[in-house]
Amino acid sequence: MSSSIKNVIVVGASGAVGRPVVTALLEAGFQVTALTRDSSNATFPKSVKVVKTDYSRESLDQAFQDQHAVVSTIAGSGVGTQITLIDAAVAAGVKVFIPSEYGLDTQPANAPEVIPLIAHKITAVNHLRSFKDKISWTVLVTGALFDWNFDFPGFGGWNLPARTAVIWDGGDVPFEATNLPQTGKAVAAILKNPESTKDQYVYINSFTTTQNEVLKELESATGDKFKVETASTEETWKNGQAKVAKGGEGLMEGIIATIHAGYYGKGDLNNYSKKGLWNDKLGLPKETLAATVKEIVASHK
Ligand SMILES: NC(=O)c1ccc[n+]([C@@H]2O[C@H](COP(=O)([O-])OP(=O)(O)OC[C@H]3O[C@@H](n4cnc5c(N)ncnc54)[C@H](OP(=O)(O)O)[C@@H]3O)[C@@H](O)[C@H]2O)c1
């Protein structure tokens, strides 16, 4: 069945997730518009139409005219804005809204307890659910954005330039890892298949792996031994929660700690492949840990 979706507007299109989403949408033949803040200096590929916004309802109503789908790849700090984005999308007659998720499974009831940031994401999905039959939605669950981790030394426990790693709970806990290009391809495939992906959580990955497997590949690809620090997800999570509760300077550190705990097992939000993946249904390419790590090491030389 050919998709009824042709015009797609990407919110936060200049971001880490937004860029590969735009690339994949263009490759799949969609007409792509980038919605970008008035204050933004972001630049986009030539074939992308660019619309500036101050995120007021008026400006969003205008921006969403004639759009069939809104893909939100807005930054974590902007996810609260999605309520207005959704209202404007419904008013403009947009058919599909993909909210900014691209992470751990936010469907289980314990998710907001594990990662406080998730609460805003759940509010957005509940808001979409309240417009049943007016707009449909799909949440894309990707687990840890694996290649993205290596752009921020220390994130995910990996510090490639310093050749150090933090290994949680012994390092043999399986977790889901997805690369950014795979995430973009999944968004394009969802919009090519709006009926089968309608109003549900779609689970994908590039591979399921463990921290010890990643470490082995990193050491093999670099030819260096990494200095390893060990940690416990429970301790990391408790410290993170305390920092989030206190707020202020330590807030971001606290949020990252809760994400690390969630990545590596806390609350069982990142080992969903055991329940089944959408990779084949969406026609996603097969990816391997070894090839990914080799590419990451080569691109960070
Ligand atoms: N699972 C993981 O490991 C993982 C990792 C990273 C991100 N994520 C998730 O992926 C999603 C996108 O994150 P990202 O890292 O791609 O975001 P990002 O690169 O930090 O930001 C995306 C874009 O959002 C816009 N933006 C930034 N701050 C904003 C604000 N306060 N209000 C409105 N717009 C703002 C900017 O676009 P303009 O300048 O064009 O306006 C920016 O380029 C989030 O939901 C995040 O939680 C998951």
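Being a predicted model, the structure only gives us computed values, none of them experimental. (Residues numbered from 1 in each chain as written. Predicted model: local features only at pLDDT ≥ 70, side-chain atom pairs only at ≥ 80, totals over all residues. Heavy atoms only, no water.)

### A look at the overall build of the protein chain
Line of reasoning, step 1. Looking only at helices and strands, the protein chain has eleven helices and 13 strands in total.
Line of reasoning, step 2. In summary, the protein chain has a C-alpha radius of gyration of 19 Å against a globular reference of 19 Å for 301 residues, a match within 12%.
Line of reasoning, step 3. Overall, the C-alpha framework of the protein chain stretches about 55 × 40 × 40 Å when taken along its three principal axes.
Line of reasoning, step 4. Within the protein chain, counting contacts between residues at least 6 apart in sequence, those at least 24 apart form 77% of the total.
Line of reasoning, step 5. Treating the 29 positive side-chain charges of the protein chain as one cloud and the 31 negative ones as another, the clouds have centres 4 Å apart. (Helix = DSSP H or I, 4+ residues; strand = E, 2+ residues; numbered from the N terminus. Rg over C-alpha atoms; globule rule 2.2 N^0.38 Å. Contact = heavy atoms within 4.5 Å. Lys, Arg positive; Asp, Glu negative; His and termini not counted. Charge placed at Lys NZ, Arg CZ, Asp CG, Glu CD.)

### With respect to the packing of helix α3 (residues 82-92) against helix α5 (residues 118-129)
Line of reasoning, step 1. Where α3 meets α5, the closest approach of the two axes is 9 Å, and the angle between their N-to-C directions is 20°. Of the possible angle classes, the one that applies to α3 and α5 is roughly parallel. Crossing angle aside, the handedness with which α3 passes α5 is right-handed. The segment α3 lies against α5, with Q82, I83, I86 and D87 engaging T123, A124, H127 and L128.
Line of reasoning, step 2. A breakdown of the residues in the contact of α3 with α5 according to their chemical character gives four nonpolar, three polar and one charged. (Axes fitted to C-alpha atoms, helices over the stretch in contact; angles between N-to-C directions. Parallel < 35°, antiparallel > 145°, perpendicular 65-115°, else oblique. Left-handed = near helix turned anticlockwise from the far one by under 90°. Nonpolar A, V, L, I, M, F, W, Y, C, P; charged D, E, K, R; others polar.)

### A word on the pairing of strand β10 (residues 175-178)
Line of reasoning, step 1. Both faces of β10 are covered, namely the face carrying F175 and A177 and the face carrying E176 and T178.
Line of reasoning, step 2. As defined by bridge partners, strand β7 (residues 144-145) adjoins β10 across two bridges and the pair is classed as parallel. By the bridge assignment for β10, A144 is matched with A177.
Line of reasoning, step 3. Here β10 pairs with strand β12 (residues 207-209) via three bridges, running antiparallel. Bridge assignment links A177 to a residue of β12, and that residue is F207. (Buried < 20%, exposed > 50% of the residue type's maximum accessible area, 1.4 Å probe, protein only. Pairing = 2+ DSSP bridges.)

### Looking at the domain arrangement of the protein chain
Line of reasoning, step 1. Here the domain parsing of the protein chain yields domain 1 (7-142 + 179-203) and domain 2 (145-177 + 207-272 + 287-299).
Line of reasoning, step 2. Just the C-alpha atoms count here: the centres of domain 1 and domain 2 sit 26 Å apart.
Line of reasoning, step 3. Of the roughly 1800 Å² buried where domain 1 meets domain 2, counting both sides, 63% is carbon and sulfur surface.
Line of reasoning, step 4. For the domain 1 face of the interface with domain 2, the top three residues by lost area are L104, V114 and N179, together amounting to 36%.
Line of reasoning, step 5. The interface formed by domain 1 and domain 2 includes zero salt bridges.
Line of reasoning, step 6. On inspection of domain 1 and its partner domain 2, the count reaches nine residue pairs in polar contact (both at pLDDT 80 or more).
Line of reasoning, step 7. In terms of residues, the side of domain 1 that touches domain 2 owes the most to one element, helix α7 (residues 180-192), which gives four residues.
Line of reasoning, step 8. Taken together, the residues of the side of domain 1 that touches domain 2 break down into 13 nonpolar, five polar and two charged. (Domains from an automatic or database assignment. Buried area = accessible area lost by both parts, 1.4 Å probe. Salt bridge = Lys/Arg side-chain N within 4 Å of Asp/Glu carboxyl O. Polar contact = N/O pair within 3.5 Å; in protein donor to acceptor, adjacent residues only side chain to side chain.)

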